[in-house]
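This is what each chain is made of:
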Number of protein chains: 2
Amino acid sequence: MALPDTRTKLLDAAERLFAEHGYRGTSVRAITDLAGANLAAVGYHFGSKAELLAAVARRVTEPITAAQSAGLDALLARTPDPTVAELVEAFAGPLFDGMPAGDESGARTSRLIVTILSDPAEEARSWTGPDEDAVGERYLAAFAQALPGLARQELLFRMRGILAVAAVDRVEVYNQPSPARPTATEGEEARNWAITFLTAAMSAPPTRA
Amino acid sequence: MALPDTRTKLLDAAERLFAEHGYRGTSVRAITDLAGANLAAVGYHFGSKAELLAAVARRVTEPITAAQSAGLDALLARTPDPTVAELVEAFAGPLFDGMPAGDESGARTSRLIVTILSDPAEEARSWTGPDEDAVGERYLAAFAQALPGLARQELLFRMRGILAVAAVDRVEVYNQPSPARPTATEGEEARNWAITFLTAAMSAPPTRA
DNA sequence: CCACGAGTCAAACGTTCGTTTCAATCGAAC
DNA sequence: GTTCGATTGAAACGAACGTTTGACTCGTGG
């Protein structure tokens, strides 16, 4: 691990390039060049470009999903009835925490999320695994308990809204030229703004039919 | 206009295919095939694939921007101090109205918006023109008046949140297989949910520093 | 000392891409 | 009836793509 092996270097390079230029906009040659590896290394270690994307997506989303799950565990251990604000913090927080702003890796991570989430390439679709689904279901139940009277469909809509804000927000930030990038404190600020924004949104009374 | 000319047929085909498969995932050949035109027609009428995308983006965003602008005009004509709810309705409403759900064109439009908004292709960047910027500035001022005490930066963050929810929401809907697509009443429902969600979010008190 | 398997390498494969070329076509103006 | 500009047609261009191949390197176990 001191010296990253070729497989890890490929994952790093692919993560960065997929985040910057999308799946289709990134060539295998660009990945292997950045990784300092041979062109055939992708085929050897991952089988194909699409499987490399899947591996990258797994590596990026796993810690976020784990943090969301652990956050809900900690919350429920403290109280059986978490507030909406607490749930939003636990659910949306990790979506921003993967991003130590100031470091490029943060914006890269979020950029990758939205890229994968919205990439029209067939290979990028249905990237969520059973883990993501399970965590989503748990939060869905917790939010339903904290928001009685809200129809399941509308609740689903609102949880998608959380993902939308968390993911898309950083796109334009990332696209800005380097000097305009957010500093570390600005990144923290954005996180707090998002929590405020989303807590209020989630707490809204049900829409009258 | 009864018989659409080649140029219009190319715009229609490109809009649909860009929305479904993204800029890079759509070949010029696929566009001309769907339009029933010759391969060289894109080069002749638009110069290049990138300029065709710009023309499509312009055609899609223009009516939305116009509706947002007219909505703000109507609002300000009625009262000098619109509420946050009224502003959200006027700003976010047109983002959903371009989408007569049940018809495919709606989902296509929103899909195209998020595709263009988040497409990592350089050609798809900086697609906003002076019109979009001007409307955004006017709403920014109106929201600032309705939300005194909110820092400009946080207000900008929240307005990006509106775009995020309006655009991303429909991505997963569109990706679902046909039978699961929303019906017309479901589309109306989503619009109302979004207004509720976003009005509450925009009305949140400023984040404490 | 040798044999073996994992990993790397340069090279080439066939395909698809955006664009360009130039001849053919067509309707309207003269 | 002919000329002319606008448009369309078939074909080809070079470049870039993902993938595959087969030889080579090298540390390790027999």
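In the nomenclature of an unreviewed UniProt entry, chain A corresponds to TetR/AcrR family transcriptional regulator from the organism Streptomyces ardesiacus.

## Some thoughts on the nonpolar core
Judged by nonpolar contacts, the single largest core of 64 residues is most densely connected at Tyr-139, Phe-143 and Met-202 of chain A together with Tyr-139, Phe-143 and Met-202 of chain B. Beyond its immediate chain neighbours, meaning those up to four positions away, Met-202 of chain B contacts Phe-197 of chain A together with Val-84, Val-88, Phe-143, Leu-147, Leu-155, Arg-158, Met-159 and Ile-162 of chain B. Among the nonpolar cores identified, the runner-up in size contains 18 residues, and Leu-11, Leu-17, Phe-46 and Leu-53 of chain A belong to it.

## Some points on helix H2 (residues 28-35) of chain A
All names here are of chain A. Among the residues making up H2, those that are buried are Ile-31, Thr-32 and Ala-35. Buried residues of H2, viewed axially, fall in a sector of 90°; they line one side. Facing away from the buried side of H2, by more than 90 degrees, are the exposed residues Arg-29 and Asp-33. Among the structural elements, helix H1 (6-21), helix H3 (41-46) and helix H4 (49-78) are those in contact with the buried residues of H2. Gly-36, located one to two residues past H2, shows a positive phi value of around 70°.

## Here's the deal with a negative patch on the surface
A contiguous patch of negative charge, built from Glu-62, Asp-131, Asp-133 and Glu-137 of chain A, is present on the exposed surface. Examining the composition of the negative patch, we find that three residues originate from one element, helix H7 (residues 130-146) of chain A, more than from any other.

## Structural notes on the protein's contact with DNA strand D
Surveying the vicinity of DNA strand D reveals 15 residues, the closest of which are Val-28 and Lys-49 of chain A together with Thr-6, Tyr-44 and His-45 of chain B. When the atoms of DNA strand D within 4 Å of the protein are sorted by group, sugar and phosphate make up 49%. Backbone polar atom of Thr-26 of chain A to a phosphate oxygen of DNA strand D: 3.4 Å apart, as the coordinates give it. Here a phosphate oxygen of DNA strand D sits 2.8 Å away from a polar atom, N or O, in the side chain of Tyr-44 of chain B. Broken down by secondary-structure element, the contributors of at least two residues to the surface near DNA strand D are H2 of chain A together with helix H3 (41-46) of chain B. Residues of the surface near DNA strand D, tallied by class, amount to six nonpolar, six polar and three charged.

## A closer look at the UniProt feature "DNA-binding region" (unreviewed entry) in chain A
According to UniProt, the feature "DNA-binding region" (unreviewed entry) maps to residues 27-46 of chain A in the numbering used here. Taken end to end, residues 27-46 of chain A comprises 70% helix and 0% strand; its first and last C-alpha atoms sit 15 Å apart.

## A word on the protein's contact with DNA strand C
Taken together, 15 residues lie around DNA strand C, and Thr-6 and His-45 of chain A together with Val-28, Arg-29 and Lys-49 of chain B are the ones closest in. Expressed as a percentage, the sugar and phosphate content of the atoms of DNA strand C within 4 Å of the protein is 50%. One of the side-chain nitrogen or oxygen atoms of Thr-6 of chain A is found 2.3 Å away from a phosphate oxygen of DNA strand C. Contact distances for DNA strand C include 3.4 Å between a base nitrogen and a side-chain N or O atom of Asn-38 of chain A. Those elements giving two or more residues to the surface near DNA strand C turn out to be H3 of chain A together with helix H2 (28-35) of chain B. Residue classes in the surface near DNA strand C are distributed as six nonpolar, six polar and three charged.

## Examining the side chain of Thr-61 of chain B
All names here are of chain B. Of note, Thr-61 is situated in helix H4 (residues 49-78). For Thr-61, a relative accessible area of 9% corresponds to the buried category. At 2.8 Å, the side chain of Thr-61 forms a polar contact with the backbone oxygen of Ala-57.

What counts as what
- Residues numbered from 1 in each chain as written.
- Chains lettered and ligands numbered in written order.
- Predicted model: local features only at pLDDT ≥ 70, side-chain atom pairs only at ≥ 80, totals over all residues.
- Heavy atoms only, no water.
- Core = buried A, V, L, I, M, F, W, Y, C linked by side-chain atoms within 4.5 Å.
- Buried < 20%, exposed > 50% of the residue type's maximum accessible area, 1.4 Å probe, protein only.
- Contact = heavy atoms within 4.5 Å.
- Helix = DSSP H or I, 4+ residues; strand = E, 2+ residues; numbered from the N terminus.
- Arc of directions from axis to C-beta.
- Patch = residues over 30% accessible without salt bridge, like charges linked within 9 Å, V, L, I, M, F, W, Y side chains within 5 Å.
- Areas by Shrake-Rupley, 256 points an atom, 1.4 Å probe, with all protein chains shown as cover.
- Salt bridge = Lys/Arg side-chain N within 4 Å of Asp/Glu carboxyl O.
- Lys, Arg positive; Asp, Glu negative; His and termini not counted.
- Charge placed at Lys NZ, Arg CZ, Asp CG, Glu CD.
- Near = heavy atom within 4 Å.
- Polar contact = N/O pair within 3.5 Å; in protein donor to acceptor, adjacent residues only side chain to side chain.
- Nonpolar A, V, L, I, M, F, W, Y, C, P; charged D, E, K, R; others polar.
- UniProt positions renumbered as here; feature names shortened; annotations may be inferred.

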